[in-house]
Amino acid sequence: MKTFFKIKLVRVISFVLVLTSSFAFTFPGLVDWAMVARIREEGLQRSKVMEYESYIVDVLGARLTLSRDMQRAQVWALDEMKKMGLTNVNIEAYMDYGVTWDNEYVSAHMIEPDYMPLNAYPVAYTAGTVGKINAEAMVVDIQTKEDIELYRGKLKGKAVLISSPAVIDLLTLINGVHRYNNEELIALEQATITPIKANAARVIKNPTIINAVERMAFLKSENVAVVLQTDGNRLGIVPAYSRPGVREDGWSAAGMKNASPILAVTPEHYNRMYRVLKRGIAVKIELEIKNKIGDKVEQAMNLVGEIPGTNPKEGIVMVGAHFDTWHGSSNASDNSSGTAVALEAMRILKTLGVKPMRTIRIALWSGEEQGLYGSRAYVQKHFGDPRNAAIGIKPEYEMLSAYFNQDYGAGQYRGIYLQGNEAARTMLTAWMEPFRDLGMNMVSNQSLGSTDHVSFDEVGLPGFQYLQDRTPGTAGHTNLDYLEGIQPEDLMKNATIMASYIYHAAMATEKVPRKATK
């Protein structure tokens, strides 16, 4: 009797497997398992992703948009794309950005009441000092117009501390950073999008409150020696950003040269000086900052290259990452890792000699950190914007199948966000199947913002960002984002998965479905 039931059970299971297999191979998201095997072998056994990553981080370093360092790095990236055999490798200018800015040197020390070298970095697009200076430190709390009058005439030559003391995140130090567990992934996958029509918040402006631009203008008018600030909440970390008002003045030479030198200081060093000053004890610092400011407006650039399709009428698939970074470190995770993965995905496909039906195009953006400038300009130029009648829809709008992006750190892919595009679920899930053993097993209907796939998604084009593991060491936008925080296996997996996704998107009988128009 038991044998009979076993035979019946085996037959039922076999029937289900055959039925499931037949279904899986009939929809447009067909998986080419033979090609997947080749992609996995090349990407996981002969990977070059860490060669890209290490060169970008160690040799090229920080790449602030429209800096000389960025321009040097873009020359290298173009050369690499040509070496791997991509076609139509080009620089595409997208805007008159402003003048170049590069930090060449910084040395900062507390010399009284005790010696301490300061871990500090210049805020981008600010002026340097005139040689080495010595200055007495002073806490300055300016929030209102009335506060300004309290300090008028008292700040000349001072090193002013304008931030409140940093509150350190001790829980992260105690508990560390863990990868997503199964429960967290299931929660992301099962989350629903609840439509909420929020009432517009009522804004009541306090006429006495001043903003950051007004505060900096006052400090400059008082001829302070340097402005000291802290923005982080983790020990040893200095977030690197730009001075207030830089967008408004268009990254201009005048705006940079007329700005006070601003130093962002690590929390523990800043807090120590603040506490000493609050005791009524003098703090003196010695510093020198050299920032090189350009003398003419220049254009910011994106980089592109292609694997040509065998049937150009079938359109294009895009893969990309932002190449620009902040200036406080080499930015191994944000976003050297994304750049390395995109380049490696293209290298894998070129090495395998694939002949995709659709053209596969890589784009390395700039201006992402300032507000998606590069990718938004590219999308408007090549595809258009149906929301804007002045721009309209360009001929290439209907040619794009999908854009795939990496940005959110260097953690391995655990899934992909649909951006609310339920029509794409079947296809994107099918292409995930060969990589479930690598931990790639979650599709979420949620949307992710603040990086370059948004530039596509917001105009109705399929743009996707992968869900990536949270991993320790990926301190993006800070002074600690170096190669030592990268886990090579994660980038190897990511590049392999990315190569497979863009290959299948390029070979599918149908383009990736788009969201229903509202």
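My aim in this report is to walk through the structure given alongside it, one point at a time. These numbers were taken from a predicted model, which means no experiment stands behind them.

**Some remarks on the overall build of the chain**
A count of helical and extended segments in the chain gives 15 helices and 18 strands. Here the chain has a C-alpha radius of gyration of 26 Å; the compact-globule value for 518 residues is 24 Å, and the two agree. When the backbone C-alpha atoms are referred to their principal axes, the chain occupies close to 95 × 55 × 50 Å. As displayed, the chain has an accessible area near 23,700 Å², and 55% of this comes from carbon and sulfur atoms. Separation of charge centres in the chain, based on 56 positive and 57 negative side chains, amounts to 3 Å.

**Some thoughts on the pattern of salt bridges**
Any two side chains of opposite charge can pair, so long as their charged atoms come close to each other. This model, assessed by the stated rule, comprises 28 salt bridges. Notably, a salt bridge pairs Arg72 with Asp69, separated by 3.9 Å at the nearest N-O pair. One end of the pair, Arg72, and the other, Asp69, are both in helix 4 (residues 68–83), three residues apart, so they sit about a helical turn from each other. What makes Arg72 partly exposed here is its relative accessible area of 41%. Through salt bridges with shared partners, a single network forms among Glu41, Glu42, Arg46, Glu344 and Arg347.

**Overview of helix 8 (residues 212–221)**
All of the buried residues in helix 8 are Arg215, Met216, Phe218 and Leu219. Taken around the axis of helix 8, the buried residues stretch over an arc of 160°, which confines them to a single face. The secondary structure elements touched by the buried residues of helix 8 are helix 5 (145–151), strand 6 (159–161), strand 7 (226–229) and strand 8 (262–265). Looking at where helix 8 begins, the residue whose side-chain oxygen comes 3.1 Å from the main-chain nitrogen of Val213 is Asn211. Where helix 8 ends, the next residue or the one after it, Asn223, has phi of about 60°, a positive value.

**Quick word on the sheet that holds strand 9 (residues 284–293)**
As summarised here, the arrangement of the eight strands in space is 3-2-9-5-6-7-8-4, forming an open sheet in which the pairing is mixed. Edge strands, defined here as strands with exactly one partner in the open sheet, are strand 3 (116–117) and strand 4 (120–122).

**Quick notes on the sheet that holds strand 16 (residues 413–417)**
Reading across the sheet, the eight strands line up as 1-10-12-11-15-18-16-17 and stay open at both edges, with mixed pairing between neighbours. At either end of the open sheet lies a strand with only one pairing partner, and these are strand 1 (87–98) and strand 17 (442–444). When the angles between neighbouring strand axes are averaged without regard to direction, this sheet yields 25°. In this sheet, strand 10 (residues 298–307) lies alongside strand 1 in antiparallel orientation, the contact comprising eight bridges. Across the sheet, the residue bridging to Asn90 is Val304, located in strand 10. Contacting strand 16, strand 17 and strand 18 (463–468), helix 7 (residues 182–190) crosses the sheet at an angle of about 40° to strand 17.

**Points about the packing of helix 11 (residues 332–351) against helix 15 (residues 488–507)**
Where helix 11 meets helix 15, the axes come as close as 8 Å, and the angle between the chain directions of the two elements is 55°. Here helix 11 lies oblique to helix 15, going by the angle between them. In this structure, the crossing between helix 11 and helix 15 has a hand that is right-handed. Only Leu491, Asn494, Ala495, Thr496, Met498, Ala499, Ile502 and Tyr503 of helix 15 make contact with helix 11, whose side of the interface consists of Ser337, Val341, Glu344, Ala345, Met346, Ile348 and Leu349. In the contact of helix 11 with helix 15, the residues fall into 11 nonpolar, three polar and one charged.

**Some details on the packing of helix 2 (residues 33–45) against helix 15**
At a minimum axis separation of 9 Å, helix 2 and helix 15 run at an interaxial angle of 150°. Between helix 2 and helix 15, the crossing angle belongs to the class labelled roughly antiparallel. In this structure, helix 2 meets helix 15 at a crossing whose hand is right-handed. Along its contact with helix 2, which presents Met35, Val36, Ile39, Arg40, Gly43 and Leu44, the element helix 15 presents Met492, Lys493, Thr496, Ala499, Ser500, Tyr503 and His504. Its residues placed into classes, the contact of helix 2 with helix 15 shows seven nonpolar, four polar and two charged.

**Remarks on the environment of Leu86**
Residue placement: Leu86 occurs in the loop between helix 4 and strand 1. Sequence spacing of Leu86 and Gly476 is 390 residues, and the spatial spacing of their C-alpha atoms is 30 Å. When residues no more than four places from it in sequence are discounted, the contact partners of Leu86 are Met81, Gly305, Glu306, Ile307, Met346, Lys350 and Ile362.

**A word on the packing of aromatic side chains**
All chains considered together, the criterion is met by 18 aromatic pairs. Ring geometry for Trp431 versus Tyr501: centroids 5.8 Å apart, planes at 85°, classification edge-to-face. In this pair, Trp431 sits in helix 13 (residues 425–432) while Tyr501 sits in helix 15, placing the two residues 70 residues apart along the sequence. Taking the relative accessible area as the measure of exposure, Tyr501 reaches 0% and is therefore buried.

**A word on the pairing of strand 8**
Every other side chain in a regular strand lies on the same face of the sheet, so the side chains alternate between the two faces. Here strand 8 shows two buried faces, one formed by Ile262 and Ala264 and the other by Leu263 and Val265. In the sheet, strand 4 pairs with strand 8 via three bridges, with the strands oriented antiparallel. The residue bridging Pro122 from the neighbouring strand is Leu263, located in strand 8. Sheet topology note: the strand 7/strand 8 ladder contains three bridges and is parallel. Across the sheet, residue Val227 finds its bridge partner in strand 8, namely Ile262.

Definitions and limits used
- Residues numbered from 1 in each chain as written.
- Predicted model: local features only at pLDDT ≥ 70, side-chain atom pairs only at ≥ 80, totals over all residues.
- Heavy atoms only, no water.
- Helix = DSSP H or I, 4+ residues; strand = E, 2+ residues; numbered from the N terminus.
- Rg over C-alpha atoms; globule rule 2.2 N^0.38 Å.
- Areas by Shrake-Rupley, 256 points an atom, 1.4 Å probe, with all protein chains shown as cover.
- Lys, Arg positive; Asp, Glu negative; His and termini not counted.
- Charge placed at Lys NZ, Arg CZ, Asp CG, Glu CD.
- Salt bridge = Lys/Arg side-chain N within 4 Å of Asp/Glu carboxyl O.
- Buried < 20%, exposed > 50% of the residue type's maximum accessible area, 1.4 Å probe, protein only.
- Arc of directions from axis to C-beta.
- Contact = heavy atoms within 4.5 Å.
- Polar contact = N/O pair within 3.5 Å; in protein donor to acceptor, adjacent residues only side chain to side chain.
- Pairing = 2+ DSSP bridges.
- Axes fitted to C-alpha atoms, helices over the stretch in contact; angles between N-to-C directions.
- Parallel < 35°, antiparallel > 145°, perpendicular 65-115°, else oblique.
- Left-handed = near helix turned anticlockwise from the far one by under 90°.
- Nonpolar A, V, L, I, M, F, W, Y, C, P; charged D, E, K, R; others polar.
- Phe/Tyr/Trp six-rings, centres within 6.5 Å; stacked < 30°, edge-to-face > 60°.

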